[in-house]
Amino acid sequence: MNTAGMGAEEKLRRAATRVVDLVLTEDCAYLDALPDAVEIEVVTPLSAVGRALDEGTANELAQAVGLFLSCAAPVAGEIPADLAEAVTELRAGLREYEPRGSWRGLVGAADKRLDIGGGDR
């Protein structure tokens, strides 16, 4: 996705929307195909991201994204490649947004525990 010229909040919202739209579909096909451990760890925090996208402020979205990234960290090795790519984009969006809010450190903490996008995918 070309994000040149977009503001940090818009990039964060687009990246969050991409992850939510990928996983939380009406037919639940993608969700049902996820490994059980991934589903258990990410569904609730990802639902919070979806609510923040619909009803929350940018800072509430950043908080929900930080929670999602933290919860995804323990199962990073089991996350499918397409979701891993979307999560990497989301992490970058939060990293760019966070200096504008009070969530400094969320991405750094998640980065230390979350190794998504690397390895043998």
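Here, residues in each chain are numbered from 1, in the same order as that chain's written sequence. Totals for whole chains, interfaces and linings use all residues, but because this is a predicted model, local features are given only for residues with pLDDT of at least 70 and pairs of side-chain atoms are given and counted only at 80 or more. With hydrogens and water stripped out, all remaining heavy atoms of the structure feed into the side-chain values.

(A) Representation of the pattern of salt bridges. The term salt bridge refers to a pairing of a side-chain nitrogen on Lys or Arg with a carboxyl oxygen on Asp or Glu at a separation within 4 Å. Within the structure shown, the criterion is met by five salt bridges. Measuring nitrogen to oxygen at the nearest pair gives 3.1 Å for the salt bridge that ties Glu10 to Arg14. With Glu10 and Arg14 both in helix H1 (residues 8-23), this residue pair falls four residues apart, about one helical turn. Judged by its relative accessible area of 37%, Glu10 is partly exposed. The buried label goes to any residue with under 20% of its type's maximum accessible area, the exposed label to any with over 50%, and the partly exposed label to all in between, with areas taken from a 1.4 Å probe on protein chains only. The partly exposed category is assigned to Arg14, whose relative accessible area is 40%. Residue Arg18 pairs with Glu85 through a salt bridge whose shortest N-O separation is 3.0 Å. Working definition: helices are DSSP H or I runs of at least four residues, strands are E runs of at least two. Numbering for both runs from the N terminus.

(B) Geometry of helix H4 (residues 58-72). By this rule the span expected of a helix is its residue count minus one, scaled by 1.5 Å. Under the 1.5 Å per step criterion, the end-to-end length of H4 is 21 Å for 15 residues, consistent within 8% with the ideal 21 Å. Every buried residue belonging to H4 is among Ala58, Leu61, Ala62, Ala64, Val65, Gly66, Phe68, Leu69 and Ala72, and all of these are buried.

(C) Representation of the confidence of the model for the protein. Confidence scores labelled pLDDT are given residue by residue by the predictor and lie between 0 and 100. For the protein, the average pLDDT comes to 84, and 77% of its residues sit at 70 or higher. In this description, contact between two residues means that some pair of their heavy atoms is separated by no more than 4.5 Å. Note on residues 116-121: pLDDT under 50 across the span, and 14 contacts to partners over four residues away in sequence or across chains.

(D) Molecular detail of the side chain of Lys11. Inspection of the secondary structure puts Lys11 in helix H1. Counting of polar contacts relies on pairs of N or O atoms within 3.5 Å, with two restrictions inside protein: one atom must be capable of donating a hydrogen and the other of accepting it, and residues adjacent in sequence are counted only when both atoms are side-chain atoms. Of the polar contacts made by the side chain of Lys11, one reaches the side chain of Glu96; its length is 3.3 Å.

(E) Expanded view of the environment of Leu22. Tracing the chain through its elements places Leu22 in helix H1. On the basis of relative accessibility, which here comes to 23%, the residue Leu22 falls in the partly exposed class. Placed 60 residues apart in sequence, Leu22 and Asp82 show a C-alpha to C-alpha distance of 8.8 Å. Not counting the four nearest positions on each side in its chain, Leu22 is found in contact with Tyr30, Asp82 and Leu83.

(F) Seen up close, the environment of Ala92. With respect to the helices and strands, the residue Ala92 is situated in helix H5 (residues 81-97). The partly exposed category is assigned to Ala92, whose relative accessible area is 36%. Measuring from C-alpha to C-alpha, the distance between Ala92 and Leu12 comes to 8.2 Å, with 80 residues separating the pair along the chain.

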